[in-house]
Amino acid sequence: MSIISIFNQKGGSGKTMLSVHLAVAAHQAGCKVAILDLDPQGSATSWKTARGDIAGPVVAKVNDQSLERAVAGAQADGFDFVLIDSPPSVSPVTARIIAAADFVLIPVRPSPFDLAAIPATLKLVGKKPMAFVLSDCPQRAPEIAEIRAQLASRGPVLGQINNWRSFWRALVSGRSVAEFEPAGQPAAEIMAIFEAIKKELK
């Protein structure tokens, strides 16, 4: 079982959006997938409720005290992937979210404030294997290449998610872009990141 913590100490970086889309990509690849929703806002849980009876990843709302028990339960139940959707800021459970992970994925929006928060985030991640994903990128913005280079100086950058409206349309309906618009560019962006994660885990 592989455990991936989607983490950034800064709120608004796209952690839940990345979690649910990657979980569906893994499910479509034939994996048994769970999302552990540690976000107090419960956004992944709300997405699962909107999803209804559509097959896909399991989503479990988990509190600070039950993280390790939830991970052990997923291991016992034969899950292939567990994605931990982190709270929007540093919390008492942060160190345990990092410790539980085999790999930490850090979504980063291309803004000066998000870039400024990277050193503190990396300090929390420590020596745990990690990588970045550029999140919510303006399409065809020339600054993105420069920002990607800045991130690459600190760790691998596994892909880029542009700010397509179809991401949010899919989430509202409890789906992923791979289900909402399977042949579209947003679905291709998610699949590329999922394939890169698999290579990193090997």
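Every value quoted in this text rests on a predicted model; they were computed, and no experiment measured them.

Thresholds, definitions, all that
Residues numbered from 1 in each chain as written. Predicted model: local features only at pLDDT ≥ 70, side-chain atom pairs only at ≥ 80, totals over all residues. Heavy atoms only, no water. Helix = DSSP H or I, 4+ residues; strand = E, 2+ residues; numbered from the N terminus. Rg over C-alpha atoms; globule rule 2.2 N^0.38 Å. Buried < 20%, exposed > 50% of the residue type's maximum accessible area, 1.4 Å probe, protein only. Contact = heavy atoms within 4.5 Å. Areas by Shrake-Rupley, 256 points an atom, 1.4 Å probe, with all protein chains shown as cover. Pairing = 2+ DSSP bridges. Axes fitted to C-alpha atoms, helices over the stretch in contact; angles between N-to-C directions.

Some thoughts on the overall build of the protein
Now for step 1: For the protein, the helix and strand inventory stands at 10 helices and 7 strands.
Now for step 2: Taken over C-alpha atoms, the radius of gyration comes to 16 Å for the protein, in line with the 17 Å a tight globule of 202 residues would show.
Now for step 3: The principal-axis extents of the C-alpha atoms in the protein amount to approximately 45 × 40 × 30 Å.
Now for step 4: Out of the 202 residues belonging to the protein, those deemed buried represent 49%.
Now for step 5: In the protein, of all internal contacts separated by at least 6 residues, the share reaching a separation of at least 24 is 77%.
Now for step 6: When the accessible area of the protein is evaluated, it comes to approximately 9100 Å², of which 55% is carbon and sulfur surface.

Quick look at the environment of Arg 154
Now for step 1: If you trace the backbone, Arg 154 turns up in the loop between helix 7 (143-152) and strand 7 (157-162).
Now for step 2: Its relative accessible area of 46% is what places Arg 154 among the partly exposed residues.
Now for step 3: Residue contacts for Arg 154: discarding those within four places in its chain leaves Ile 118, Pro 119, Leu 122, Met 130 and Phe 132.

Overview of the sheet that holds strand 1 (residues 2-6)
Now for step 1: In space, the 7 strands of this open sheet follow the order 3-2-4-1-5-6-7, with parallel pairing throughout. Every other strand in the sheet has two partners, leaving strand 3 (58-61) and strand 7 as the edge strands with one partner each. Along the sheet, successive strands turn relative to each other by an average axial angle of 20°, direction set aside.
Now for step 2: Judged from the 5 bridges that link them, strand 2 (residues 33-37) and strand 4 (residues 81-85) form a sheet pairing that is parallel. Looking at strand 4, one finds that Ile 35 is bridged to Leu 83.
Now for step 3: Packing of helix 1 (residues 15-28) onto the sheet brings it into contact with strand 1, strand 2, strand 4, strand 5 (103-108), strand 6 (130-137) and strand 7, and relative to strand 4 it is tilted by some 170°.
Now for step 4: Against the sheet, helix 6 (residues 118-125) touches strand 5 and strand 6, its axis set at about 170° to strand 5.

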